[in-house]
Amino acid sequence: MRIWIIAFSVFWSVCSVSQTRYFDSDPQLNDKRLAIEFNTELYASSNAISNQFLYGFISGGEISSSTQEDMLKNTSYQNRLGVDFNTGFTVHFKPENQNKISYSFGIHDRQHANASFSGNALKLLIDGNKQFAGEEIDLSEFSFSMIRYQQIKAGISWKYKPGKSFHFSASFLNGEQYQSAQMDYLTLYSSAYGDEIRFNGEGTIYQSDPENRGFAKSNGYGASIDIQHDWELALGQNQNGLLSVALNDIGFIAFDGSSHKQEIDTLYSYKGTQLGNVILPFDTSYTFIGPDSLAEDILKKKDTTGYNIILPGWFRVNLYQQFENFDVKAGFQARFNGSHNPYFYVESKYFLNEKWKLGGILGAGGYSNFNIGTSVEYSTDKITLQALSQHLESVVVPSRLGGLNVQVRAIVKI
Amino acid sequence: MLRISLYVTIILLALTNCRRELDAPSWDVDGYVPLATANLRIQDAIDDSLKEIGSDQEITLIYKSNLFEYKIDSLIKIPDTSRTESFSIPIGQVNLSPGQVFMADTVENNLNADNAQLRLAIVREGIIELELQSTMNTPTIFTYNIPNATKNGVSFSFIDTLSAGTQQNPTTETRRLDISGYTIDLTGKNNNRTNTFYGVYEIRTAPFGNPITITPADFASLTSTFTGILPEYAKGYFGNRIFEINESTETDIFRNFKSGLLSPAEARLNLRIKNEAGVDFGVDLKTVAGVNTNTGQSISLDHFVTQNNVKLSRSLESGSGYPPIRPSNYNAVIDEQNSNVTEFVGVLPKEFQLVGDVELNPLGNISSGNDFAYFGTGFEMNIDAEIPLRLNAQNLVFQDTTEFSIDSDSREDTKRINGGYLLVHCFNLYPIEGELQGYFMDSTNTVVDSLFTDDLGYLAGGIINNGQNRVTDKSESTIKVPLTPQKIDNLYDASKIWFNAKLNTTNQPDSLTFYDNYDLNIKLVGDFNYQLEADL
């Protein structure tokens, strides 16, 4: 039975998660020269994995059958899952007598998981193969990847013309771990009597050194850049606006030779142990093999080799407009190299007073289908505190919908 | 409120990364897991040497066995015999000159053949041991001849010179002479006796020696001993004797069938008695019984041969081969028409028992002393069985024991089975229905559990095509074995499984032919509710 885990439990082999989505702008230093920023962001979203299942998964122990059943009502033909967990510190500073250029230096821990899977694959994982007795189910286009790396980032912001500024940062990346399973073709046949299970598949599994895992452990190195351009907009008097176009996390990591690559190209049929004519020789001895032995049979080829991976980068367009008592932000985000759908959102904050802002978010796309969120901000000359949460709809219907997000940012200006 | 707390809990757990401290997440799935497949062919349990497959794939059991044999050389035994001829003077002194014969005679030896009156024997193996002794103070020449013992036309002859001896230290010499291949006339010197040959001996001083004077203390002697005489051929009258037969012969033709009744529609036994000896035999078979040593069932064959004496005439001494004989044969065909052979076979005999007498020369010496026998020939009784597998079976019990082991990884996996069934899918071409049971046994052969706890599993018989009177479509039957964690543990504690099947033909009492293409295909499938654990 563990064969299902081998194939699919990789969904969950990440324990915490990440993504930068909203707090992607540099803090306004204004008349300050130095700002210290801390942010942490947890994001998990899926159009198929429900919050209730996710809760059971994270908290451990047995997940009830009703949780399984409710979740499976929500599956589509093709499904998505994305998980991110980012934590980092950044120092921003502006040299003396210099108002057009500022610099930043930061250290971040980045984790990301992405999965794409068919509805049948999820049903198979959650409910077993009995429901498919007598059928050959298509599990193709299954993919999963999980990466964790540490980032040392140096950046510059240059207001090269009034109303126009350019931001660039370059990062050195320490590749800590990477796991990936990509099945180009995969079918599973379970016979009507249950006496045969037949896999037919082609794919590749990558795995960095499993013995060398943990924060700051190194299995490879890489680099990335971030590029952003801002145009200030003025729709009316005292109404600040901004248009930003950005490319983030454009880079790669080269994992070293201790990483494993396993190619799957097999048509494998398992009918149990062949006893032959058991009535023939007396005292014949048979050995029943376990699923691990089965998995070794299925994974035909195992290479140890280094490989390069491309980071799941972002393309973002944000439009911001501030009005007298509120502001509005709308945007579009696309993520490369994953199952993330184009994401559109609109956010508005109401200014309760000079220090407090309260906002709401509506979004569509991404890893889920839609998103409802809220934010709160407390800001003074010296301190900015921001908190944001999305996927509140999954809090309301946790048995059917899946997604959770919380982001916290604290900035101290000196 | 509950939903909010759940949401907060998720976030806190994820942020604090404390999931590692908790149990691994798990959920229940329903799975079909192929466990094993087996193809049972009852006919394969019968050795190829014990069956024949016909053109229409019908199966016939073939069995050939020797029930009893008696070699004639065990009938005619020639015991070791010894005789000493000695010379000495009673009183005074006698002068012997060189070359002087001082002792010579012709003597007859009786071989004391066991109850036989032999007139001629050809020796296959045998030794004459001659011990020569002399105190004569001059070399002595010993001569020993058997005129009626010839080999390649030459009589047996022995001559040897013994060196001079003294009264205190007589000269002694022993010679062992091979007499194999000699033809010995056993009618004596005057051709009027049996078991008797004669020898001619002579002792004299050597011509090249000195004259000597002997006293009563001097002597010379010749001892002849016939030892290990085994005839290659014997002729004479072998006597009138009765030998008891009480023989048991094991048969493995029904080795795997432990009990039950098998009723073949037909069976044919051929009892063959062969006499290769030149002597008449009378055979009185009191009992030919088939015994099932598993059940204790026994049945006696009821046939002419078990009710009457059988006279078997002597073989003829002719032909060009060796031995040049034409055996005398007696064949008795025993079938369902003239006997109870089907019932006899039906008890699944593991052993044939034979009780009776064999009488030698029941009519006396009607050959006038011309009985003959060659080495290695004799009297033997064989049985050939042909049993077409066309039968009906009632409560036929079939058993086998198979060792197995389950690896430790599997054991870890099966700990997560919450319950379910072991499905035994049977696809049966045999026209046999029955009940199945399996027992799990540990290494000490102690039964620790059974496959079916409440009821035995039912196996449906193959579907008979009435037009062809044979099974053309497999029956499908599924036996569901409820699995509990306790039963699974017992399965792991077991190292052997003992299968037990009680079978009945589908449409008894009519007989059905068994064909070689019949088989019983069994698929063992786990229908498990399984706790799937994310192995993080």
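Coordinates for the structure precede this section.
Everything numeric here is computed off the predicted structure, so don't read it as measured data. (Residues numbered from 1 in each chain as written. Chains lettered and ligands numbered in written order. Predicted model: local features only at pLDDT ≥ 70, side-chain atom pairs only at ≥ 80, totals over all residues. Heavy atoms only, no water.)

Engineer: Honestly, the packing of aromatic side chains in this entry has me stumped. Any pointers?
Structural biologist: Each aromatic ring pair is specified by the distance between its two centres and by the angle formed by the two planes. Summed over the entire model, instances satisfying the criterion amount to 34 aromatic pairs over all chains. Measuring from ring centre to ring centre gives 5.9 Å for A:Phe255 and A:Tyr307, while their planes differ by 35°; the resulting arrangement is tilted. Residue A:Phe255 is located in strand β10 (residues 239–255), and its partner A:Tyr307 is located in strand β15 (residues 307–310); the two are separated by 52 residues in the primary sequence. Accessibility expressed as a relative area gives 7% for A:Tyr307, which makes it buried. Here the aromatic residues A:Tyr178, A:Tyr206, A:Phe255 and A:Tyr307 are joined through ring pairs into a cluster of three or more. We note B:Arg124 situated over the ring of B:Phe375; from NZ or CZ to the ring centre the distance is 3.9 Å. The residue whose ring lies beneath B:Lys480 is B:Tyr421, and the NZ or CZ to ring-centre distance is 4.3 Å. (Phe/Tyr/Trp six-rings, centres within 6.5 Å; stacked < 30°, edge-to-face > 60°. Helix = DSSP H or I, 4+ residues; strand = E, 2+ residues; numbered from the N terminus. Buried < 20%, exposed > 50% of the residue type's maximum accessible area, 1.4 Å probe, protein only. Lys NZ or Arg CZ within 6 Å of the ring centre and 35° of its normal.)

Engineer: Help me understand the packing of helix α3 (residues 65–72) of chain A against helix α4 (residues 119–127) of chain A in this model?
Structural biologist: Packed helix pairs are characterised by how far apart their axes lie and by the angle those axes make with each other. Residues and elements named next belong to chain A. At their nearest, the axes of α3 and α4 sit 11 Å apart, and the two run at 175° to each other. Comparing their axes, α4 and α3 come out roughly antiparallel. Here Gln68, Met71 and Leu72 of α3 come into contact with α4, specifically with Leu122, Lys123, Ile126 and Asp127. (Axes fitted to C-alpha atoms, helices over the stretch in contact; angles between N-to-C directions. Parallel < 35°, antiparallel > 145°, perpendicular 65-115°, else oblique. Contact = heavy atoms within 4.5 Å.)

Engineer: What should I look at first to understand helix α2 (residues 51–59) of chain A in this one?
Structural biologist: Residue pairs three or four apart in sequence face the same way in an α-helix, which turns once every 3.6 residues. Residues and elements named next belong to chain A. With seven of its nine residues buried, α2 lies for the most part within the structure. Considered for burial, the residues of α2 that qualify are Asn51, Phe53, Leu54, Gly56, Phe57, Ile58 and Ser59. Gly60 sits one or two residues past α2 and shows a positive phi near 85°.

Engineer: Would you take a moment to explain the environment of B:Lys311 for this structure?
Structural biologist: Among the secondary structure elements, B:Lys311 is positioned in strand β20 (residues 310–312). Once you skip the residues sitting within four places of it in the chain, B:Lys311 turns out to touch B:Phe281, B:Gly282 and B:Pro362.

Engineer: Quick question: what am I supposed to make of the nonpolar core here?
Structural biologist: Nonpolar side chains tend to gather and get buried jointly when the protein is soluble and globular. Counting 170 residues, the largest nonpolar core has B:Trp27, B:Tyr144, B:Phe156 and B:Phe238 as the members making the most contacts within it. In terms of residue count, the dominant contributor to this core is strand β7 (residues 117–134) of chain B (six residues). Those residues in contact with B:Tyr144 that lie beyond four places of it in its chain are B:Leu130, B:Phe156, B:Ser157, B:Phe158, B:Phe197, B:Gly199, B:Val200, B:Tyr201, B:Leu222, B:Ser224 and B:Phe226. Judged by nonpolar contacts, the second largest core, of nine residues, contains A:Tyr149, A:Leu173, A:Phe255 and A:Tyr307. (Core = buried A, V, L, I, M, F, W, Y, C linked by side-chain atoms within 4.5 Å.)

Engineer: Would you take a moment to explain the pattern of salt bridges for this structure?
Structural biologist: Applying the stated criterion across every chain, the model contains 34 salt bridges over all chains. Among the ionic pairs, B:Lys523 bridges to A:Asp195, the shortest N-O distance being 3.1 Å. Here A:Asp195 lies in the loop between β7 (164–190) and β8 (197–207) and B:Lys523 lies in strand β35 (residues 520–533), a pairing that spans two chains. The salt bridge partner of B:Lys286 is B:Asp357, with a shortest N-O separation of 2.8 Å. Remark: B:Asp357 occurs in strand β22 (residues 351–360) and B:Lys286 occurs in strand β18 (residues 281–291); sequence separation between them is 71 residues. Judged by its relative accessible area of 23%, B:Asp357 is partly exposed. Overlapping salt bridges, with partners in common, bring together A:Asp109, A:Arg148 and A:Glu176 in one network. (Salt bridge = Lys/Arg side-chain N within 4 Å of Asp/Glu carboxyl O.)

Engineer: It is not clear to me how the side chain of B:Ser339 should be interpreted in this structure. Could you clarify?
Structural biologist: Residue and element names in this part refer to chain B. Mapped onto the elements, Ser339 comes out in the loop between β21 (328–335) and α3 (341–346). Taking relative accessible area as the criterion, Ser339 reaches 14% and is therefore assigned buried. Separated by 2.6 Å, the side chain of Ser339 and the backbone oxygen of Asp335 make a polar contact. Polar side-chain contacts of Ser339 include one of 3.1 Å to the backbone nitrogen of Val341. (Polar contact = N/O pair within 3.5 Å; in protein donor to acceptor, adjacent residues only side chain to side chain.)

Engineer: What exactly am I supposed to notice about unusual backbone geometry here?
Structural biologist: Outside of glycine, negative phi angles account for most residues, and trans bonds account for most peptide bonds. Residue and element names in this part refer to chain B. Look at the link from Tyr322 to Pro323: it is a cis peptide, with omega at -5°. Checked against the element boundaries, Pro323 lands in the loop between β20 and β21. One non-glycine residue with positive phi stands out, namely Asn191, at about 55°. Tracing the backbone shows Asn191 in the loop between β11 (183–185) and β12 (196–205). The exposure class of Asn191 is exposed, given its relative accessible area of 53%.

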